[in-house]
Every structure is written in structure tokens, then in C-alpha cells.
Amino acid sequence: MNIIVTSLKGGVGKSTTSIYLAAAGVDRGYDPVTLIDADPQASCAEWLELWPLAGITVVEAPSERTATRAIARAEGLVVVDTPPGNERITQSAVAVADAVVIPTRAGGVEYSRVSATIELIPKGTSYGVVICAARLGTNDLDAALAWWKEQKVEVWGVIPERVSIAAGPEARLSREGLENYDAVLARALRGWR
Ligand SMILES: Nc1ncnc2c1ncn2[C@@H]1O[C@H](COP(=O)(O)OP(=O)(O)OP(=O)(O)O)[C@@H](O)[C@H]1O
Ligand SMILES: [Mg+2]
């Protein structure tokens, strides 16, 4: 099962989402769980070097060639973090995806970047957006949810803005983050098995 976390847009929450989805997979009993870090920035790899998570194997694959090979070799639940703005890596990863998770934000969103990402996904592959670092109860969030509904794009999750989730490599994963991302994982896994 390959879950590709991708967006051509940078800084939206791809790496955070990848880590939490992999951790939620371990909590659900998936074994093995492989996190493929296809971003040369290696944010996920660095994060898990500082805070290794039992049950997650990290594979660094910072190019189209290495990422394609790593995805083909990995077994079990596979989560792939991708670099921003790299159409080639994104395209070759989504080509072998069982599900594509597209992190985005509410407010100041460049919808065209998200649409361009969606256009790379093969027909028939399921995908959904996840609104990261959301401010609950704001007009921005309501507007974003209305927008995706109008576009007929599924929203697989709304992750609240939390210092504990933002903490990244400085801290352990937050319980609230894990609960929210578990729901996203459930949507991504729907129809699989
Ligand atoms: N739920 C959240 N609450 C608060 N901050 C968050 C949340 N999710 C992500 N962030 C923060 O947003 C920033 C960007 O997140 P992240 O690094 O995951 O994005 P990215 O899409 O992987 O970025 P890049 O395109 O550079 O790879 C980080 O500082 C992260 O801690
Ligand atoms: Mg990243």
C-alpha cells in the first residue's frame, strides 16, 4: 500500500503529515511501515534520526530514480514524503500510488498549485486534501472547506494548528496529532485490503 504525500507547494505540511501517517500506521498494527523520504532536504529522515519511532523504517531516496526504486522494493504500508516543486518526482511517485494525500492550508492558498498537483494523479487513484495547521472556527477554514466541496475534492482531514504538532524534530509526536492523522490514514486506506 503506497501512500504518497505530495504537493508542488512548499511548506504546507508534507513532512509533518508523512511522519504522523507512518506513526498512525504503526499504531494500527501495520508491519512493516516504511517511510520513504524523497526530499533532498531529508526533513523526515532527520526528524526520525533524532526521535526514532519503533516500527518505522526510513529510506532516504532523494531523486526520481532512487525514489522509484525504493517504492518498488518496499513492502507493507509505505508512506512517501516528496519535495516541493519537483514535478518529476511527484509524477513518478503518484504513478504508483494507491492513495495520494495532498497537504494544504486554509487561507492564502494558491489553489492553482493544488490543482496542478491533482492533475498529475492518474485517473482512478484516490486522493484527498488535508488542511494542515488549521485555525478551527475561522472564516478562512470555512471558505477552504466550501472551496474544496465546490471543486468536488475530498477533504480527508483538518489538522488543527498546534505548537505540539509544529514541534517537529524537537519533540515527540503529539497525541492529538496522532488522533487527527489516524482519521486521515483511515480515509487513505479505504478500499484497500
Ligand atoms: N498542525 C500543525 N500545527 C502547527 N504547525 C504545523 C502543523 N503542521 C505543520 N506545521 C508546521 O508548518 C511548517 C511546514 O511543515 P512541513 O515541514 O511539514 O511542510 P513541508 O510541506 O514538508 O515543507 P517543505 O515543502 O519545505 O518540504 C513546519 O514548521 C511545521 O512544524
Ligand atoms: Mg518537507
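Residues numbered from 1 in each chain as written. Chains lettered and ligands numbered in written order. Predicted model: local features only at pLDDT ≥ 70, side-chain atom pairs only at ≥ 80, totals over all residues.

K.L.:
Explanation requested: the overall build of the protein chain in the structure shown.
P.N.:
Of the regular secondary structure elements, the protein chain holds eight helices and seven strands. In terms of C-alpha radius of gyration, the protein chain reaches 15 Å, essentially the compact-globule figure of 16 Å for 193 residues. The C-alpha extent of the protein chain, read off along each of the three principal axes, is 40 × 35 × 30 Å. Here the protein chain holds 193 residues, and the buried ones make up 42% of them. Restricting to contacts in the protein chain with at least 6 residues of sequence separation, those with at least 24 account for 75%. (Helix = DSSP H or I, 4+ residues; strand = E, 2+ residues; numbered from the N terminus. Rg over C-alpha atoms; globule rule 2.2 N^0.38 Å. Buried ≥ 20, exposed ≤ 12 C-beta atoms within 10 Å, placed from the backbone. Contact = placed C-beta atoms within 7 Å.)

K.L.:
Got a minute to help me understand the environment of Y30 in this structure?
P.N.:
Along the chain, Y30 falls in the loop between α1 (14–27) and β2 (33–37). Under the C-beta neighbour-count criterion, Y30 is labelled partly exposed, with 19 such atoms within 10 Å. It is 7.1 Å that separates the C-alpha atoms of Y30 and G76, two residues lying 46 residues apart in sequence.

K.L.:
Hey, could you run me through helix α4 (residues 87–94) in this one?
P.N.:
Think of an α-helix as 3.6 residues a turn; residues three or four steps apart then line up on the same face. Residues of α4 that are buried include every one of I89, T90, A93 and V94, and no others. Buried residues of α4, viewed axially, fall in a sector of 120 degrees; they line one side. Opposite the buried face of α4, by more than 90 degrees, sit the exposed residues E87 and R88. (Arc of directions from axis to C-beta.)

K.L.:
Just checking my understanding: could you explain the nonpolar core for this structure?
P.N.:
General note: in soluble globular proteins, nonpolar side chains tend to be found buried as a group. By size, the foremost hydrophobic cluster in this structure holds 55 residues, and its most contacted members are L21, I36, V80 and V101. Residues in contact with L21, not counting those within four places in the same chain, are I3, V5, V79, V101, Y181, V184 and L185. (Core = buried A, V, L, I, M, F, W, Y, C linked by C-beta atoms within 7 Å.)

K.L.:
What is the right way to read the site of ligand 1 from this model?
P.N.:
Not every one of the 20 residues close to ligand 1 is listed here, only the nearest: G10, K14, S15, T16 and A166. If you list the elements that add at least two residues to the shell around ligand 1, you get α1, β6 (126–134) and α7 (163–166). Among the elements that take part in the shell around ligand 1, α1 stands out by supplying three residues, more than any other. Among the residues forming the shell around ligand 1, the class breakdown is eight nonpolar, eight polar and four charged. (Near = placed C-beta within 6 Å. Nonpolar A, V, L, I, M, F, W, Y, C, P; charged D, E, K, R; others polar.)

K.L.:
What exactly am I supposed to notice about the sheet that holds β2 here?
P.N.:
In any sheet, the strands associate via hydrogen bonds between backbone groups, in a parallel or an antiparallel arrangement. Spatially, seven strands are ordered β3-β2-β4-β1-β5-β6-β7 in an open sheet, and the strand pairing comes out parallel. The open sheet terminates on both sides in strands that have one partner only, identified here as β3 (56–60) and β7 (155–160). Within the sheet, the average angular offset between the axes of one strand and its neighbour, ignoring direction, is 20 degrees. Where β6 meets β7, four bridges bridge the pair, whose relative direction is parallel. (Pairing = 2+ DSSP bridges. Axes fitted to C-alpha atoms, helices over the stretch in contact; angles between N-to-C directions.)

K.L.:
I keep staring at the packing of α1 against helix α2 (residues 43–50) and nothing clicks. Help me out?
P.N.:
Between two packed helices, both the angle of their axes relative to each other and the distance between the axes serve to describe the pair. Between α1 and α2, the least distance of the axes is 9 Å, while the angle of their chain directions is 50 degrees. Considering their axes alone, α1 and α2 lie oblique with respect to each other. Considering the relative orientation of α1 and α2, their crossing is right-handed. Contacts from S15, S18 and I19 in α1 reach S43, C44 and W47 in α2. Partitioning the contact of α1 with α2 into residue classes produces three nonpolar, three polar and no charged. (Parallel < 35°, antiparallel > 145°, perpendicular 65-115°, else oblique. Left-handed = near helix turned anticlockwise from the far one by under 90°.)

K.L.:
Is there a simple way to think about helix α6 (residues 139–150) in this case?
P.N.:
Its 12 residues give α6 an end-to-end C-alpha distance of 16 Å, which sits within 8% of 16 Å, the value for a rise of 1.5 Å per residue. In the stretch just after α6, K152 is the one whose phi turns positive, near 60 degrees. (Expected span 1.5 Å × (residues − 1).)

K.L.:
It is not clear to me how the packing of α1 against helix α8 (residues 175–189) should be interpreted in this structure. Could you clarify?
P.N.:
It is at 8 Å that the axes of α1 and α8 come closest, and there the two elements cross at 80 degrees. Taken as axis vectors, α1 and α8 run roughly perpendicular relative to one another. Counting all contacts with α1, which are made through T17, Y20, L21, A23, A24, G25 and D27, the residues of α8 involved are G177, L178, Y181, D182, V184 and L185. For the contact of α1 with α8, the class distribution of residues is eight nonpolar, three polar and two charged.

K.L.:
Quick question: what am I supposed to make of unusual backbone geometry here?
P.N.:
Residues apart from glycine generally show negative phi values, whereas peptide bonds are mostly found in trans. P32 follows D31 through a cis peptide bond whose omega is 0 degrees. The topology assignment puts P32 in the loop between α1 and β2. Of note in the backbone geometry, A42 takes a positive phi value of approximately 55 degrees without being a glycine. Positionally, A42 belongs in the loop between β2 and α2. In this structure, A133 is a non-glycine residue whose phi angle is positive, near 50 degrees.

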